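Report on the structure
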Amino acid sequence: MAVSTRRELLLSIAAAVPVAAQHEHPDTSVAVAYTTRVFSADELKTVARLVDLIIPRTDTPGASDAHVPEFIDRKLSLDAALKDRFLAGLRSFDGVLKDSDPFSMLLKGLTVDGYYTSKEGLTQELGWHGNTFLAEFEGCTHPEHQS
Amino acid sequence: MMQTQEVHDVIVIGSGASGGMAAWNLTRQGVDVLMLDAGTRFSRSKFWTHVKPWEWNARVDKGDFPPQFYLDTKEQPFDTPAGQPFDLVRVWGRGGKTNVWGRVALRYSDVDFAGPAKDGWEIPWPIRYSDIKPYYDRVDQFIGVCGGTDDQDSLPGSPYMLPAASPRCGERLMQKAAKSIGVSIVAGRRAVLTQAHNGQAKCHFCGSCGRGCDVGAFFNSSDYLIEPALETGKLRVMDNAVVARVLVNDEGKANGVQYFDRVTKEEHTLRARVVIVAASCIDSTRILLNSKSHAYPNGIGNSSDVIGRYLSEQIRFHMYGFLPELIGGPTQNDDGIGGEHVYMPRFNHRGAKRDYLRGFGSQFWGSGAQADAGFAKALPGFGVDFKTAVKKRYPALVALHPYGEVLPRADNRVLVDEKHLDRYGVPVSRIEYKIGENERKMAVEMYDTAEQILRAAKAEIVPFQRGHLDVAGSAIHEHGTCRMGADPKRSALNGFCQMHEVPNVFVVDGAAFTTASEKNPTLTILALAWRATDYLAQEMKSGRA
């Protein structure tokens, strides 16, 4: 999948200056503040655009709605080797997400980890309703599934 | 620094399944026990059992952390040769790994106990199923094990099971598919309370056992063994006592231990008539090998040079698929008792003779709706199509995790590295371990079996790399480095976990196993430790120990 232009995507990423990102939460309209630890403002925007290409907003939130760029920033801040790999990949990224491209796959993996453990991704998109208190566990109740 | 001091009846090193069992069974028979635990008690109220995944980061940002169960290798390093990694998982603290264990509670059978005598590889077990069966019965009744009462030669049943957890849809369909190709997948055996049992609370099916259970609804040594033992008034637990060595007298009998305070780093010694080593396989072995003396230059009780050798873990890999009946269906709450509700017992001892020895079984944890969707990384594409593909497959995920036995070999071993000392000046472990041709041949059939079951289920199989195995140690089932056997030249312990050479030392954890089997060892550790300490209590009463 191609994004509009390589030039548009590869913004200046010289200085990794922490910035406060403001996201309007699509469902609750609650502004969530997060101060980046690794990404510059431009890098954060770039990553937001990329993760939304991987998991876009549909009738459920997309990856940036679910704060995946911030999830990635936090993750990179805890792992120097991952941070170096990610930033090097981001800088030389040709703008086209491909399953054969190591950076695309790194980004996809981080996006999957972030989105599908977020409240938006897990509950709204996947319908997960676990980790709760049940009196009994019924298991499979479909007669056609029995051996 | 030697002091005149109290002589304890029994010192137990370690507080996990084996140490907890030893302390509980001895104290209830009137024996005074001092337990040395390398950590402190984990507080249930601080467990993150019900913290949702998206809440974790915000909590950490506020300085609120979950209990640090796992020992940091920076605090306690160990060595491995280049290119031979070993993933050693240790929990130092009250209850040890039972705080977070997988709760799979399988009985070994005579396919396991009599296996080595039959195939001739290395030494035979000194016990058979009939020796340990009464103890399995007692353990099942005491700790509470739910699941299958069905019986087959490789997986004995039990008349004492709590109701089995109902299989999820994916597990039912896998049972059906396996049956169609002649493989049985039975109700699992899990140490989770599907009903209240012996004063412990019933499971509430939240599926987060791996973060510690906030109500103690699965067996853990701290709540189930150590707390009742403390109530007898016969047990004292010393926290943060990192044992370095078992000490011996001039006659070559053990007479105490040397330990270091984990907080102050001060060295101390304690005196005891009997020492029970229960620090988990690798750490127990390290203590024994570091316990060098004039009498035992090679480590206590190790004139045979078997201690440290024959390290057996298990080979394991993972295969995933999506079941057509469930693709695109509704998301169900598949948490259940956490982990799988079914188990595939070993079957390869039946039918045609294989070109390898021993066997494998399979677990199925992670089937159904999970609190993440890691499988999505293996799906192709990006964008709306990708998002849709993930959602459709999410309720349909099934997972197979075959576990295979690794043969005991003398050169798979734990040593102590005199040049690499820990923060207390005690040599660290060096783990030299690799799998061999036998395991690689077994892995071929393990891969074939997993794939055949998924094909029979008409599953969409997640691409896999045939032959790939998890890094050694990942199964967290270390065994064999202080093995029991009848021959003192080829084993360190008798069938009661008692050292041949130093009769007042017992080693009751996974190190005592003659072979690893393909099964999860905790139930057998509990049964062996119970049996060993019944024997010890009798010996003490009769004045022989």
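1. Examining the overall build of chain A
The helix and strand tally for chain A stands at six helices and two strands. Counting helices and strands in the order they occur from the N terminus, chain A gives α-β-β-α-α-α-α-α. Relative to its full complement of 147 residues, chain A shows a buried share of 48%. Of all intrachain contacts in chain A linking residues separated by at least 6 positions in sequence, the fraction that spans at least 24 positions is 59%. For chain A, the accessible area works out to roughly 7,000 Å², and carbon and sulfur atoms hold 55% of it.

2. Things to note about the overall build of chain B
For chain B, the count of helices and strands is eleven helices and 18 strands. The C-alpha radius of gyration of chain B comes to 23 Å, within 12% of the 24 Å expected for a compact globule of 545 residues. For chain B, with 545 residues in total, the buried portion stands at 63%. Positive and negative side-chain charges in chain B, numbering 65 and 62 respectively, have mean positions lying 3 Å apart.

3. Quick notes on the interface of chain B and chain A
Interface size is commonly expressed as the accessible area that is lost once the parts come together. In this assembly, 49 residues from chain B lie in contact with 49 residues from chain A. Around 4,100 Å² of area is buried between chain B and chain A when both sides are counted, 60% of it from carbon and sulfur atoms. Looking at the side of chain B facing chain A, the largest losses of area belong to Trp-54, Phe-382 and Lys-387 of chain B, adding up to 21% of the total buried there. Here chain B and chain A share four salt bridges between them. A salt bridge links Arg-37 of chain A to Asp-61 of chain B, with the nearest nitrogen and oxygen atoms 3.1 Å apart. In this assembly, chain B and chain A are joined by 27 residue pairs in polar contact (both at pLDDT 80 or more). Elements represented by at least two residues in the side of chain B that touches chain A include exactly helix 2 (56-61), helix 6 (169-180) and helix 9 (384-393) of chain B. For the side of chain B that touches chain A, the residue count by class is 19 nonpolar, 15 polar and 15 charged.

4. Concerning the confidence of the model for chain A
Interpreting fine coordinate detail is not advised for predicted regions of low pLDDT. Chain-level pLDDT for chain A is 83 on average; 78% of the residues reach the 70-or-more range. Every residue in residues 1-31 of chain A scores below 50 in pLDDT, and together they form 67 contacts with partners more than four places removed in sequence or on other chains.

5. Notes on the environment of Pro-56 of chain A
Position of Pro-56 of chain A among the secondary structure elements: in the loop between helix 2 (41-54) and helix 3 (68-77). The contact partners of Pro-56 of chain A, leaving out residues within four places of it in the chain, are Pro-61 and Gly-62 of chain A together with Gly-383, Val-384 and Lys-387 of chain B.

6. Considering helix 6 of chain B
Residues and elements named next belong to chain B. The end-to-end C-alpha separation of helix 6 is 17 Å, in line with the 16 Å expected for twelve residues at 1.5 Å each. Among the residues of helix 6, Cys-169, Gly-170, Glu-171, Leu-173, Met-174, Gln-175, Ala-177 and Ala-178 are the ones counted as buried. Those residues of helix 6 hidden inside the fold are in contact with strand 4 (186-187), strand 12 (342-343), strand 14 (397-405) and helix 10 (437-456). Phi for Gly-182, located one or two positions after helix 6, is positive at around 80°.

7. Looking at the packing of helix 2 of chain A against helix 4 (residues 80-91) of chain A
Residues and elements named next belong to chain A. Put simply, helix 2 and helix 4 touch, their axes get as near as 12 Å, and they point 80° apart. Taken together, the axes of helix 2 and helix 4 are roughly perpendicular relative to one another. Across from Glu-43, Thr-46, Val-47 and Leu-50 in helix 2, the residues of helix 4 making contact are Phe-86, Leu-87, Leu-90 and Arg-91. Split into classes, the residues belonging to the contact of helix 2 with helix 4 amount to five nonpolar, one polar and two charged.

8. Some details on the packing of aromatic side chains
A complete count under the given rule lists 28 aromatic pairs over all chains for this structure. Measuring from ring centre to ring centre gives 5.7 Å for Trp-125 of chain B and Phe-513 of chain B, while their planes differ by 70°; the resulting arrangement is edge-to-face. One end of the pair, Trp-125 of chain B, is in the loop between helix 4 (115-119) and helix 5 (129-144); the other, Phe-513 of chain B, is in the loop between strand 18 (505-507) and helix 11 (522-541), with 388 residues separating them in the sequence. Grouping residues by exposure puts Trp-125 of chain B and Phe-513 of chain B together as buried. Following the ring pairs from residue to residue traces out a cluster consisting of Phe-39, Phe-86, Phe-93 and Phe-103 of chain A. Its end group placed over the ring of Trp-48 of chain B, Arg-59 of chain B keeps NZ or CZ at 5.3 Å from the ring centre.

9. With respect to the pattern of salt bridges
Two side chains with opposite charge may pair up if their charged atoms get near one another. All names here are of chain B. Tallying each qualifying case throughout the model produces 44 salt bridges over all chains. A salt bridge links Arg-430 to Glu-432, with the shortest nitrogen-to-oxygen separation between them at 2.7 Å. Take Arg-430: its relative accessible area is 26%, and that puts it in the partly exposed class. Between Glu-539 and Arg-544 there is a salt bridge, and its shortest N-O distance comes to 2.8 Å. Judged by relative accessible area, Arg-544 falls into the exposed class, the value being 55%. It is possible to trace a salt-bridge network through shared partners that takes in Arg-41, Arg-44, Arg-94, Asp-223, Glu-227 and Asp-239.

10. Let's talk about the confidence of the model for chain B
Mean pLDDT for chain B: 97, with 99% of residues reaching 70 or above. Scoring of the predicted complex yields 0.94 for pTM and 0.92 for ipTM.

11. Notes on the environment of Glu-120 of chain A
All names here are of chain A. Assignment of secondary structure puts Glu-120 in helix 6 (residues 119-125). Glu-120 sits in the buried class, given a relative accessible area of 6%. Each C-alpha atom, one on Glu-120 and one on Ala-63, is 8.9 Å from the other, the two residues being 57 residues apart in sequence.

12. Observations regarding the pairing of strand 9 (residues 267-277) of chain B
All names here are of chain B. With eight of its eleven residues buried, strand 9 lies for the most part within the structure. Where strand 8 (residues 254-261) lies against strand 9, five bridges are found, and the strand directions are antiparallel. Its bridge partner being in strand 9, Gln-258 is matched across the sheet by Thr-269. In textbook terms, the turn of a hairpin is the stretch between consecutive antiparallel strands, and for strand 8 and strand 9 this stretch comprises five residues, one of which, Lys-265, has a positive phi near 65°. Note: strand 9 against strand 18, three bridges, orientation parallel. By the bridge assignment for strand 18, Val-275 is matched with Val-505.

13. Side note on the nonpolar core
Of all hydrophobic cores here, the largest spans 187 residues; its most connected members are Ile-72 and Phe-86 of chain A. Per-element accounting of this core gives the leading share, eleven residues, to helix 11 of chain B. In contact with Ile-72 of chain A, not counting residues within four places along its chain, are Phe-39, Val-47, Val-51, Phe-86, Leu-107, Leu-110 and Thr-111 of chain A. Among the nonpolar cores identified, the runner-up in size contains eight residues, and Ala-38, Leu-71, Tyr-424 and Val-426 of chain B belong to it.

14. Describing the side chain of Arg-262 of chain B
Residue and element names in this part refer to chain B. Mapped onto the elements, Arg-262 comes out in the loop between strand 8 and strand 9. In terms of polar contacts, Arg-262 uses its side chain to reach the side chain of Glu-75, at 2.7 Å. Excluding residues that lie within four positions of it along the chain, Arg-262 makes contacts with Ala-38, Gly-39, Leu-71, Glu-75, Trp-92, Asn-240, Val-242, Arg-423 and Tyr-424.

Basis of the calculations
- Residues numbered from 1 in each chain as written.
- Chains lettered and ligands numbered in written order.
- Predicted model: local features only at pLDDT ≥ 70, side-chain atom pairs only at ≥ 80, totals over all residues.
- Heavy atoms only, no water.
- Helix = DSSP H or I, 4+ residues; strand = E, 2+ residues; numbered from the N terminus.
- Buried < 20%, exposed > 50% of the residue type's maximum accessible area, 1.4 Å probe, protein only.
- Contact = heavy atoms within 4.5 Å.
- Areas by Shrake-Rupley, 256 points an atom, 1.4 Å probe, with all protein chains shown as cover.
- Rg over C-alpha atoms; globule rule 2.2 N^0.38 Å.
- Lys, Arg positive; Asp, Glu negative; His and termini not counted.
- Charge placed at Lys NZ, Arg CZ, Asp CG, Glu CD.
- Buried area = accessible area lost by both parts, 1.4 Å probe.
- Salt bridge = Lys/Arg side-chain N within 4 Å of Asp/Glu carboxyl O.
- Polar contact = N/O pair within 3.5 Å; in protein donor to acceptor, adjacent residues only side chain to side chain.
- Nonpolar A, V, L, I, M, F, W, Y, C, P; charged D, E, K, R; others polar.
- pLDDT = per-residue confidence, 0-100.
- Expected span 1.5 Å × (residues − 1).
- Axes fitted to C-alpha atoms, helices over the stretch in contact; angles between N-to-C directions.
- Parallel < 35°, antiparallel > 145°, perpendicular 65-115°, else oblique.
- Phe/Tyr/Trp six-rings, centres within 6.5 Å; stacked < 30°, edge-to-face > 60°.
- Lys NZ or Arg CZ within 6 Å of the ring centre and 35° of its normal.
- Pairing = 2+ DSSP bridges.
- Core = buried A, V, L, I, M, F, W, Y, C linked by side-chain atoms within 4.5 Å.

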